[in-house]
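Residue-level listing of the chains:
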Amino acid sequence: ALTAERSLAFLVASHFTGEMNAVVERRRRSGGRADALLVWLLAASETGVAPVYILFNAAVAASLVWAPYTRLVEFSMLLSVPSILLFMWSFVALRMKQPESLRARPFRIPGGLPTAVLITVVPIAISISYAVIVAAESFVPEPGSAGEGGHSAR
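Residues numbered from 1 in each chain as written. Predicted model: local features only at pLDDT ≥ 70, side-chain atom pairs only at ≥ 80, totals over all residues. Heavy atoms only, no water.

Draft legend 1. Summary view of the overall build of the chain. When helices and strands are counted, the chain shows 5 helices and 0 strands. Scanning the chain from its N terminus toward the C terminus, one meets helices and strands in the order α-α-α-α-α. Buried positions account for 14% of the 154 residues belonging to the chain. Sequence-distant contacts, at least 24 apart, represent 48% of the contacts inside the chain between residues at least 6 apart. (Helix = DSSP H or I, 4+ residues; strand = E, 2+ residues; numbered from the N terminus. Buried < 20%, exposed > 50% of the residue type's maximum accessible area, 1.4 Å probe, protein only. Contact = heavy atoms within 4.5 Å.)

This is how it looks when you write it as structure tokens:
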């Protein structure tokens, strides 16, 4: 639940904890109503995520409403590529580093490391191919666009 917000919260906490705490501390010392709002925005709620991250995610999502649908799908799929690659890498890495943990699992894929590598080849190839295709298409103007001869299609 709230994966994007938790990811953003983790990113900020891992890189900017000192700065965020300094801002909150300066506001607390100065007193006033703005302090209560800032403390509320930065305090983790019952979901484990501060409201500022939820509001930021909502603002980004609201701004994407005006983007073309095909671009949104491409962007969403492109964002999934690193996740897929990391998932596949971790699957093989765990097979290599902790093979004994496989016995404790209720379901396991037979075949050991060679099967694990073979299983990951297709998703990795598809993910990388998709990323390359989307990246290449973003640099090539569409036929009839203003990028070709200065005339735009009507």
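Next comes the rest of the description.
Draft legend 2. Seen up close, the environment of V52. Turning to its location among the elements, V52 is positioned in helix α3 (residues 51-63). Using a relative accessible area of 27% as the deciding quantity, one classes V52 as partly exposed. V52 sits 11 residues away from L41 along the chain, and the two C-alpha atoms are 4.9 Å apart. Residue contacts for V52: discarding those within four places in its chain leaves L41 and L42.

Draft legend 3. Focus on the confidence of the model for the chain. The pLDDT averaged across the chain works out to 76; a share of 79% of its residues lies at or above 70. Taken element by element, the predicted model of the chain shows its lowest mean pLDDT in helix α2 (residues 33-42) (69) and its highest in helix α5 (residues 112-139) (87). (pLDDT = per-residue confidence, 0-100.)

Draft legend 4. Representation of helix α4 (residues 69-97) in the model. Here α4 spans 42 Å end to end across 29 residues, near enough to the 42 Å set by a 1.5 Å rise per residue. Among the residues of α4, V81, M88, V92, A93 and R95 are the ones counted as buried. (Expected span 1.5 Å × (residues − 1).)

Draft legend 5. Examining a nonpolar patch on the surface more closely. Nonpolar side chains collect at one region of the surface, where M96, L113, V117, L118, V121, V122 and I126 lie side by side and expose about 650 Å² of accessible area between them. It is α5 that contributes the most residues to the nonpolar patch, 6 residues altogether. With respect to the secondary-structure elements, V122 resides in helix α5. (Patch = residues over 30% accessible without salt bridge, like charges linked within 9 Å, V, L, I, M, F, W, Y side chains within 5 Å. Areas by Shrake-Rupley, 256 points an atom, 1.4 Å probe, with all protein chains shown as cover. Salt bridge = Lys/Arg side-chain N within 4 Å of Asp/Glu carboxyl O.)

Draft legend 6. Spotlight on the pattern of salt bridges. Using the criterion set out here, one finds 1 salt bridge in the structure. In this structure, E74 and R71 form a salt bridge, with 3.1 Å as the shortest nitrogen-oxygen distance. Separated by 3 residues within a single helix, E74 and R71 lie in helix α4, roughly one turn from each other. You can call R71 partly exposed: its relative accessible area is 42%.

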